[in-house]
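Fold and geometry: a report
So you can see what is in the structure, the chains are spelled out below.
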Amino acid sequence: MSKSIAAPIAGAVCALLLLAGIIAAVFVAGQLRAMSANLDRMSARMDALTSMNGKLSVTNTLLKQTNRSLSRMTAESTSADQKLGRMQTDLALMSHKLAGSFLFRGVK
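What you see is a predicted model, and the numbers here were worked out from it, not measured in a lab.

Broken down by element type, the chain carries one helix and zero strands. Going through the 108 residues of the chain one by one, you find that 1% of them count as buried. Accessible surface for the chain amounts to roughly 9,800 Å². Of this, 69% is attributable to carbon and sulfur atoms.

Take a nonpolar patch on the surface next. On the surface, a cluster of nonpolar side chains totalling about 380 Å² of accessible area is made up of Ile-5, Ile-9, Val-13 and Leu-17. By the element assignment, Ile-9 lies in helix H1 (residues 2–100).

Scoring rules and cut-offs
Residues numbered from 1 in each chain as written. Predicted model: local features only at pLDDT ≥ 70, side-chain atom pairs only at ≥ 80, totals over all residues. Heavy atoms only, no water. Helix = DSSP H or I, 4+ residues; strand = E, 2+ residues; numbered from the N terminus. Buried < 20%, exposed > 50% of the residue type's maximum accessible area, 1.4 Å probe, protein only. Areas by Shrake-Rupley, 256 points an atom, 1.4 Å probe, with all protein chains shown as cover. Patch = residues over 30% accessible without salt bridge, like charges linked within 9 Å, V, L, I, M, F, W, Y side chains within 5 Å. Salt bridge = Lys/Arg side-chain N within 4 Å of Asp/Glu carboxyl O.

The quantities given are spatial measurements derived from coordinates; they are silent on function.
Structure representation (structure tokens):
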């Protein structure tokens, strides 16, 4: 009698274990699908960041070139300002001489 009761109980236990295994497999498959979707989104974001990084590198290079050009222009402007400052006294003297010259006395 114990053999006849043990067989259905063992069958029921096996059926329950099989059902639990199927439920666990479905759950794990769902989790893997969700992780795959997250990885796809992260991959897309990384691609976008890589693209932005490339654009920012180009912008950085252009800004450095602009900065060098502006530094050069500032130095040239300072040099020109100094030259004009040195010439100012000569121009004032020449203007004074021309104003006093008999050739320009009647010209106004």
